[in-house]
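# Examination of the molecular architecture
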4 protein chains.
Amino acid sequence: MSLFRLLPDKVDVIQNNNKPDEKGTLREWLYITIFQSSTPLGKLFDVLLSIAIIQNIGLLMLESVPSIGFKYGHIFRVLDYFFLFLFSIEYLLRLYCVKSTKRYATSFYGIVDLLAILPSYLEFIYPQWHVLMVIRSFRLLRLFRIFKMVKFLDESRILMFTFIRSFRKILIFLFFVVLLTIFLGSLMYVVEFEKNDGFHSIPQSIYWSIVTITTVGYGDVAPVTALGKMIASFIMILGYSIIAVPTGIMSASFMEQTKHLRMDIKCGNCGSGNHSADAVFCKKCGKKLVADAQEDDKNV
Amino acid sequence: MSLFRLLPDKVDVIQNNNKPDEKGTLREWLYITIFQSSTPLGKLFDVLLSIAIIQNIGLLMLESVPSIGFKYGHIFRVLDYFFLFLFSIEYLLRLYCVKSTKRYATSFYGIVDLLAILPSYLEFIYPQWHVLMVIRSFRLLRLFRIFKMVKFLDESRILMFTFIRSFRKILIFLFFVVLLTIFLGSLMYVVEFEKNDGFHSIPQSIYWSIVTITTVGYGDVAPVTALGKMIASFIMILGYSIIAVPTGIMSASFMEQTKHLRMDIKCGNCGSGNHSADAVFCKKCGKKLVADAQEDDKNV
Amino acid sequence: MSLFRLLPDKVDVIQNNNKPDEKGTLREWLYITIFQSSTPLGKLFDVLLSIAIIQNIGLLMLESVPSIGFKYGHIFRVLDYFFLFLFSIEYLLRLYCVKSTKRYATSFYGIVDLLAILPSYLEFIYPQWHVLMVIRSFRLLRLFRIFKMVKFLDESRILMFTFIRSFRKILIFLFFVVLLTIFLGSLMYVVEFEKNDGFHSIPQSIYWSIVTITTVGYGDVAPVTALGKMIASFIMILGYSIIAVPTGIMSASFMEQTKHLRMDIKCGNCGSGNHSADAVFCKKCGKKLVADAQEDDKNV
Amino acid sequence: MSLFRLLPDKVDVIQNNNKPDEKGTLREWLYITIFQSSTPLGKLFDVLLSIAIIQNIGLLMLESVPSIGFKYGHIFRVLDYFFLFLFSIEYLLRLYCVKSTKRYATSFYGIVDLLAILPSYLEFIYPQWHVLMVIRSFRLLRLFRIFKMVKFLDESRILMFTFIRSFRKILIFLFFVVLLTIFLGSLMYVVEFEKNDGFHSIPQSIYWSIVTITTVGYGDVAPVTALGKMIASFIMILGYSIIAVPTGIMSASFMEQTKHLRMDIKCGNCGSGNHSADAVFCKKCGKKLVADAQEDDKNV
């Protein structure tokens, strides 16, 4: 999640630094089209690339289904080569049009773009590495670019900031949950391991207690002794209750966020409220907005 | 959910436009009875129609149970014909009493009403289409009319607005969750597919990761390798934690809603608060209410 | 839940009306001891009765375990008779000491008390009715009396009021969820019933969709077709998202509750805040508290 | 959770009282290093001890895996002895350097430290007690010491206080849930026990109703009768709805906490807000901050 926050901004900075000096050249035109979405062509490129990525991932998925993969194997091979060619060209163009090739190549998206084509080349040498092509699914992160063009940007910013602000609290909670699952898993191992093959080792028991406390409950492992069932009941009720903790943290965090967005500034002229946080003039009567405290100040 | 919001209003508009010009005729009487619920007879029609719909859906359900369906097959057939006749009459009356037949026929509820009877007629030609009768369950949407007559209307309005307001944030969250399940599902495929028949393809692995991250946990597919169980544990704890995000969004949204309903207007005469948002006079002393900001204004 | 609210108060009223007129008699002493908890003996009676109820329920549970029930059958029979005798005496004493016997006998707790002993007497005539003794577990409601004596009363009041206030919103949500499960269950029946024995009828499919949307996920029924798995994934993500709705409703309701408890009254003399809602004088300096609005009023 | 709160502080007090009187001696140096983390060496000791504990627990887990445990049994035995020696030395040093040996030995951490080594010594006499070594996992609580050194301390304080404040409300909720599971479990026993081996006794049925109401849903026990499935559906929807209660409690509690941290103090000079609760001077213009109420006071 921390990646999620850092990347877009970091990449933006890299891109700005990477912007070639010459103006009006093919290189700059390519740069603007590929890396930015300010021009219609840039937007089109983003959309087409997103479609290509989705199609490629879709093909990889279908190929992995045995009944389809065996039947149309040759078609998938051809399409794999097609997308490999497409993404290779795209990668080379990206390398060409940025100012600092090294900087792009070592950036997060640079590595993701490389990883999307590398396994396919390695496959020529080691055919058994074909399965590595799933790494390509990381390219789906590029889809976040689409959000940049639409109104979703603000919302996703708010989501990120809110999550990051409460990240530390949630981490402590998760540490506590992990400790609990280790305790309870070890306990269940002692209680059940002689009568239940499912609890054959402590790691397995901890796996079971995670399955239980998160209320997932596969049922591949389940207690059989009376004491085991009582402890399991306790773990379930515990998991059912403590989910309130991260939820409460996030709720408070979102409320805080909402408050900051709609500050309690009211127009001193017409009394209308609910102005956005960055408003300077009243949206109803146009008079300059002043915060309440300053208003009171004048009274004194 | 967006349907839920748009439909009732849209339909109301259509109905008002559809209202026949003549007054006091059978056609207008029929229109008021069938489409509106302002008259006692209109209310009765709504209630009776709702009961008929529920009974019809109940019969369809019972008929699908093999042991009951085979035994009382002929009774079900007779009742099917009865409800087909009833709903056909209702549909024809609706077509007759509205001004613009075409407008009703192409409206949402018009199509739902048609779909409720069409499959039964098609069944005479293609008996294997009998299963299409489940489309009738869409008619249950008509039950929302009942809410119009009771106090639940305001509450459901608030629910809808709150949900719609936070819809975009929840959509981004869901997009993020879907990306996560694709990543983690692909990863699990690579880790498990050789040792576990359950993970036989990437789509199946993604299905498993959705089952896991939403804490449903059927257990029809479960990891068997040590690494797979570790990744699964991570996915479970992730799913258990990030459910806090939509919950936090909705909580903040409902809080915001509550705030708007009970504005901070306090009576300038007796100081009592908690007036409803549309109150003009104090509910305790009867003096005219003024918002705080205006109050301050006078001070200046 | 509505029962939970109404009962204690309703019973209190009944008790007060039922209080015998004579003072200082055995009947009044019994009444105070059995029905009230103001005297030490009354408290002792409540505690002892609670213990007896818990032990009785515990015995019923143990008796139902085949391995224990068969082995110690005669002990359980003796203990059953003992508790039958105890609760019969208690019921007769209750009938004796209240003023209006009929009123108590037809009150909620009166019926619960009767139901706790009636099946055991009927068992002498119809031995196969032994299983009806589980009705006794309703007597556990008497445990709520214990709360009356401790500080938990206020908290449980707040819990109840908050729940009741948002009950209507949650009901609409549940109605919507039930409609959804009927739609999606019917849809899954059409998709899966030919290839999957688990979806053998529409009610069964609706049962499955409830299991899925509530994220319970037993796994006794699971989709097998590709389309079925896609619909199932959609249902899971839906269920995972919309749980935010009741949670948001309750969060807003609890926040509202908290606000009412700690009104924004600040002392005009020393400026200290956080007074309880019913405070009239400042808890720090003892000066009379006035609401903000009145304070402003004086300025004018 | 109550343990979680009480322990660290309680131990701190014990340590301060236990601090030896002599200054500059080896005993005091040992005390500061082992019990405190104010010196670099003290911090190093805490980190090293944490690593040793984690490694020890990790070894215990690996040892319990049959395939690994049998193969490398002798290595595990040697490492067990090594950690036994290490923790024994540590325990003896702790006993030596505190002033009141008895006080430490009877404190919570004193008992945990003893329990970490005792089973290993007992194992020499009773080899079948080897499984008791899982008690060592309690030593993981020592990891909370690490938090003391980093910024997580404040956050975990807030988490604890918030949880404790709403603990009573959550307890009432859980009591209600437990009553519900007993009612519904008993009911399901009556409905299912003749046709379903899974519901062979009331305790088993209650176990099933806990599994269901907490949305865990193992699927090892599932209803088979139509009535049983209807009741199960009701329990699932109930569990899905009432999870909103603890979540709402915690959300309100966290909101309350947030409010206290960021009091509504605004600078009287520059009008900037959002000062931290303990701020005395404005972070923007440096003028002394006064609370709003006091500001109003001057007006009067």
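Placed above this text is the structure.
Residues numbered from 1 in each chain as written. Chains lettered and ligands numbered in written order. Predicted model: local features only at pLDDT ≥ 70, side-chain atom pairs only at ≥ 80, totals over all residues. Heavy atoms only, no water.

## Description of the overall build of chain A
Our working rule: Starting at the N terminus, helices and strands are each numbered in turn, a helix being any DSSP run of H or I of at least four residues and a strand any DSSP run of E of at least two. Pairs of residues are marked as contacts when any of their non-hydrogen atoms sit within 4.5 Å. Surface accessibility in these figures is a Shrake-Rupley result with a 1.4 Å probe; residues are shielded only by whichever protein chains are displayed.
Helix and strand counts for chain A stand at 14 helices and zero strands. Look at the contacts in chain A between residues 6 or more apart in sequence, and 57% of them connect residues 24 or more apart. Summed over its atoms, the accessible surface of chain A is roughly 14300 Å², and 67% of this surface lies on carbon and sulfur atoms.

## Structural notes on unusual backbone geometry
Look at threonine 215 of chain B: it is not a glycine, yet its phi comes out positive at around 60°. Note that threonine 215 of chain B resides in the loop between α11 (202-213) and α12 (226-242).

## A look at the relation of the copies chain B and chain C
Going by this rule: Residues reaching a pLDDT of at least 70 in both copies supply the C-alpha atoms on which the copies are superposed by least squares.
By a simple turn and slide, chain B fits onto chain C: the slide is 0.0 Å along the axis, the RMSD is 0.1 Å, and the turn is 90°. With respect to symmetry, the two chain copies, as superposed, fit the operation of a four-fold axis. A share of only 18% of interface residues in chain B that are also interface residues in chain C marks the association as one of differing surfaces.

## Concerning the relation of the copies chain A and chain B
For the pair chain A and chain B, the superposition axis carries a translation of 0.0 Å, the fit reaches an RMSD of 0.1 Å, and the rotation angle comes to 90°. A share of only 16% of interface residues in chain A that are also interface residues in chain B marks the association as one of differing surfaces.

## Re the pattern of salt bridges
Residue and element names in this part refer to chain C. Basically, it comes down to this: By definition, a salt bridge exists where a carboxyl oxygen of Asp or Glu is found within 4 Å of a side-chain nitrogen of Lys or Arg. For every residue, the accessible area obtained with a 1.4 Å probe (protein chains only) is divided by the maximum for its type, and the residue is called buried under 20%, exposed over 50%, and partly exposed between those limits.
The tally for this structure, following the rule as stated, stands at 16 salt bridges over all chains. Arginine 139 serves as the salt-bridge partner of aspartate 113, at 2.8 Å between the closest nitrogen and oxygen. Of this pair, aspartate 113 sits in helix α7 (residues 108-125) while arginine 139 sits in the loop between α7 and α8 (144-149), and the two are 26 residues apart along the sequence. Note on aspartate 113: relative accessible area 3%, which makes it buried. For arginine 139, a relative accessible area of 2% puts it in the buried group.

## Things to note about the interface of chain B and chain C
Taken together, the contact pairs 57 residues of chain B with 54 residues of chain C. On the surface where chain B and chain C come into contact, there are zero salt bridges. Breaking the side of chain B that touches chain C down by element, the ones donating at least two residues are α3 (40-64), α8 (144-149), α9 (152-165), α10 (167-192), α11, α12, α13 (244-261) and α14 (292-299) of chain B. With seven residues, the top contributor of residues to the side of chain B that touches chain C is α13 of chain B.

## What about the packing of helix α3 (residues 40-64) of chain D against helix α5 (residues 73-97) of chain D?
All names here are of chain D. Filter applied, for reference: Axis lines are fitted through C-alpha atoms, for helices just across the contact stretch, and the angle between N-to-C directions can take any value from 0 to 180 degrees. By convention, the crossing between two helices is left-handed when the near helix turns anticlockwise from the far helix through less than a right angle, and right-handed when the turn is clockwise. Ten residues, namely Ala, Val, Leu, Ile, Met, Phe, Trp, Tyr, Cys and Pro, are considered nonpolar, four, namely Asp, Glu, Lys and Arg, are considered charged, and the remaining ones, Gly among them, are considered polar.
In the contact formed by α3 and α5, the axes pass within 11 Å of each other and the chain directions differ by 145°. Taken as a pair, α3 and α5 cross one another with a handedness that is left-handed. Across the interface between the two elements, Phe45, Leu49, Ala52, Ile53, Gln55, Asn56, Leu59, Leu62 and Glu63 of α3 pack against Phe76, Leu79, Asp80, Phe83, Leu86, Phe87, Glu90 and Arg94 of α5. Split into classes, the residues belonging to the contact of α3 with α5 amount to eleven nonpolar, two polar and four charged.

## Examining the packing of helix α11 (residues 202-213) of chain A against α3 of chain D
Basically, it comes down to this: Orientation categories follow fixed angle ranges, with anything under 35 degrees roughly parallel, anything over 145 roughly antiparallel, 65 to 115 roughly perpendicular, and all other angles oblique.
Running from amino to carboxyl end, α11 of chain A crosses α3 of chain D at an angle of 100°, the nearest separation of the two axes being 6 Å. Here α11 of chain A is positioned roughly perpendicular relative to α3 of chain D, judged by the angle of their axes. Within the contact between the two elements, α11 of chain A uses Ile202, Pro203 and Ile206 of chain A and α3 of chain D uses Leu60, Met61 and Ser64 of chain D. Of the residues assigned to the contact of α11 of chain A with α3 of chain D, the class counts are five nonpolar, one polar and no charged.

## Quick word on the interface of chain A and chain B
Put simply, an interface is often sized by how much accessible area is lost when its parts join up. Put simply, the test is: Simply put, the buried area is the total loss of 1.4 Å probe accessible area from both parts when two parts are fitted together.
Contacts between the two partners involve 56 residues from chain A, matched on the other side by 51 residues from chain B. Surface buried jointly by chain A and chain B totals about 4800 Å² across both partners, of which 74% is contributed by carbon and sulfur atoms. Connecting chain A to chain B are zero salt bridges. Of all the elements in the fold, those that place two or more residues in the side of chain A that touches chain B are α3 (40-64), α8 (144-149), α9 (152-165), α10 (167-192), α11, α12 (226-242), α13 (244-261) and α14 (292-299) of chain A. A per-element tally of the side of chain A that touches chain B places α13 of chain A first, with seven residues. Classifying every residue of the side of chain A that touches chain B by side-chain character gives 34 nonpolar, 16 polar and six charged.

## Focus: the packing of aromatic side chains
We apply this condition: Each pair of aromatic rings taken from Phe, Tyr and Trp, with Trp reduced to its six-membered ring, is defined by centres within 6.5 Å and is described as stacked if the planes are under 30 degrees apart, edge-to-face if over 60, and tilted in the remaining cases.
For the structure shown, the criterion picks out 48 aromatic pairs over all chains. Geometrically, the ring pair formed by tyrosine 91 of chain C and tyrosine 104 of chain C is tilted, given 6.1 Å between the ring centres and 45° between the ring planes. Taken together, the residues span a long stretch of sequence, with tyrosine 91 of chain C in helix α5 (residues 73-97) and tyrosine 104 of chain C in helix α6 (residues 101-105) at a distance of 13 residues. Residue tyrosine 91 of chain C shares its accessibility class with tyrosine 104 of chain C, and that shared class is buried. Note on phenylalanine 163 of chain D and phenylalanine 167 of chain D: the rings are 6.0 Å apart at their centroids and 45° apart in plane angle, and the pair reads as tilted. Overall, phenylalanine 163 of chain D belongs to the buried group, its relative accessible area being 10%. When its relative accessible area of 34% is taken as the criterion, phenylalanine 167 of chain D is described as partly exposed. Members of the aromatic cluster, joined through ring pairs, are Tyr31, Phe35, Tyr91 and Tyr104 of chain A.

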